[in-house]
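# Analysis of the macromolecular model
The residues making up each chain are set out below.
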Amino acid sequence: MPLNVWVLIAAQAMAMCTAPFIVFIGSIQGRALAGSPEYATLPVAFVVVGTVLSVKPATWLMARVGRKPVMLLGTVMGTVAAGVGALASWQGAFALLCLAAVLGGSGLAVVHQYRFAAMESVPPKLASTAAARVLLGGLVAAWVGPEIASIGGDDPLHPFLTSWLGLAAVQLAAMIILVLGYRSSGERPRPVHEGGGRPMREILANPVIWVAISAAAVGYAIMSFIMTATPLSMTEMAGHPLDDAKRVIQLHIMAMYLPSLISGWLIRVVGIRRMMLVGMVAYLICIALAASGVSFHHYLGALILLGIGWNFLFVGGTSLLPQGYSDSERFRVQGLNDMMVFGFQAVASMSAGLALSSLGWAGLLLLAIPLLLLHSGLMLFWYLRRNSVVTQPDG
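Each value, and the rule that gives it
- Residues numbered from 1 in each chain as written.
- Predicted model: local features only at pLDDT ≥ 70, side-chain atom pairs only at ≥ 80, totals over all residues.
- Heavy atoms only, no water.
- Helix = DSSP H or I, 4+ residues; strand = E, 2+ residues; numbered from the N terminus.
- Rg over C-alpha atoms; globule rule 2.2 N^0.38 Å.
- Buried < 20%, exposed > 50% of the residue type's maximum accessible area, 1.4 Å probe, protein only.
- Contact = heavy atoms within 4.5 Å.
- Areas by Shrake-Rupley, 256 points an atom, 1.4 Å probe, with all protein chains shown as cover.
- Phe/Tyr/Trp six-rings, centres within 6.5 Å; stacked < 30°, edge-to-face > 60°.
- Axes fitted to C-alpha atoms, helices over the stretch in contact; angles between N-to-C directions.
- Parallel < 35°, antiparallel > 145°, perpendicular 65-115°, else oblique.
- Left-handed = near helix turned anticlockwise from the far one by under 90°.
- Nonpolar A, V, L, I, M, F, W, Y, C, P; charged D, E, K, R; others polar.
- Expected span 1.5 Å × (residues − 1).

Attention shifts here to the overall build of the protein chain. Per the secondary structure count, the protein chain includes 17 helices and zero strands. A compact globule built from 395 residues would reach a C-alpha radius of gyration of about 21 Å, and the protein chain, at 20 Å, matches this within 12%. For the protein chain, the spread of C-alpha atoms along the three principal axes comes to 75 × 50 × 35 Å. Evaluated residue by residue, the protein chain yields a buried proportion of 57% over its 395 residues. The contacts in the protein chain between residues at least 6 apart in sequence include a share of 84% that link residues at least 24 apart. When the accessible surface of the protein chain is totalled, it reaches about 15200 Å², and 70% of it is carbon and sulfur.

With that settled, consider the packing of aromatic side chains. All told, the structure shown has seven aromatic pairs when counted by the stated rule. A centroid spacing of 5.1 Å and a plane angle of 65° characterise the contact between Tyr-220 and Phe-342, whose relative ring orientation is edge-to-face. Of the two residues, Tyr-220 sits in helix H11 (residues 207–237) while Phe-342 sits in helix H16 (residues 330–366), which places them 122 residues apart along the sequence. Phe-342 carries the same exposure label as Tyr-220, and that label is buried. Relative to Phe-314, the ring of Trp-310 has its centre 4.9 Å away and its plane inclined at 15°; by these criteria the two rings are stacked. Residue Trp-310 and its partner Phe-314 are located together in helix H15 (residues 296–320), separated by four residues, close to a single helical turn. Take Trp-310 and Phe-314: they sit in the same class, and that class is buried.

It is worth spelling out the packing of helix H2 (residues 18–34) against helix H5 (residues 94–111) at this point. Axis separation between H2 and H5 bottoms out at 10 Å; the angle between their running directions is 165°. For the element pair H2 / H5, the angle class is roughly antiparallel. As H2 runs across H5, the sense of the crossing is left-handed. On H5, the residues that touch Thr-18, Ala-19, Ile-22, Gly-26, Gln-29, Gly-30, Leu-33 and Ala-34 of H2 are Phe-94, Leu-97, Ala-101, Gly-104 and Leu-108. When its residues are assigned to classes, the contact of H2 with H5 shows eight nonpolar, five polar and no charged.

For H15, spanning 25 residues, the distance from its first C-alpha to its last is 36 Å, which sits close to the expected 36 Å at 1.5 Å a residue. Taking burial as the measure, the 25 residues of H15 include 18 buried ones, the bulk of the element.

The analysis is restricted to geometry; functional conclusions fall outside its scope.
Structure follows, in structure tokens:
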């Protein structure tokens, strides 16, 4: 693998810490500062809102100035977010906590582009492997993020203040890694003319695009919906200690990224379609297991399966997406893809707290089923249309 891929893995390991950090403490600190369970998961949701709002500007800037300057800007946003989070802890201000989450999401919008930068640094046949390798950085983030978050959880005066300062430190580490290691010369040349390629309407007429977007969007929405509610369900409803919730979230996020060791190889061996099907089966088993009990092992087993299902759907969708666009169209399609993916995730995250408080844990889990049916329908349409084109006799 080229140097840029390894640099992106290391940078992702640091910059991605924002996501598990806020997932772990967002609902807990939000519950303490907001004073109402309906608003407890809003900080987690606002991370995704920040991502959605920033995806288009991030890809627009990358198309014009290159990926590296925008990646560095992303680490700056992550550092500022951590500073605002520290201020929120100091003042006990829920509004500042939500602002920190939005700013953190803006930084994550850039981090999510690392996978495309990696794919464009290698020959096409290695693109899926490069994308999966970069996601491995999330393994480190899965462990480091919650560990940093728990540092200041017991501070009686300003809970989580030290935690946010620790997050600022790892964002600065990501910045240093990118400054010293990433080489813009390894990037694919940017398109000369803005808006090059086909009209978006013509691009979207290809069902491959919709299946790719759906795989990542549905995968992210279901994962975020269940994961966002898990810490609150475990600690407030099932009576588990905070450390148990932390371990479940850590192992869940590790399960999200650990399959990246083999997911690129799996795509070459079994194909994208079969890997997506395995991901959906993992989601179905996750829902059934989580609904069957509220012991620690029920939560743990379900969240591990949730992570595996997410990886197979997200990596599958990311690998399939380039089959639907040309080189000059890539920034437009990548921007649209991530806007839809994180738009779905934002809706899921923002509704998780309300769904949990009004329907309970089992009711929340059942709401994931329609999304799986949606993606299944798109995959079936793609499969039938592709087969009809292949078998159509020459005229």
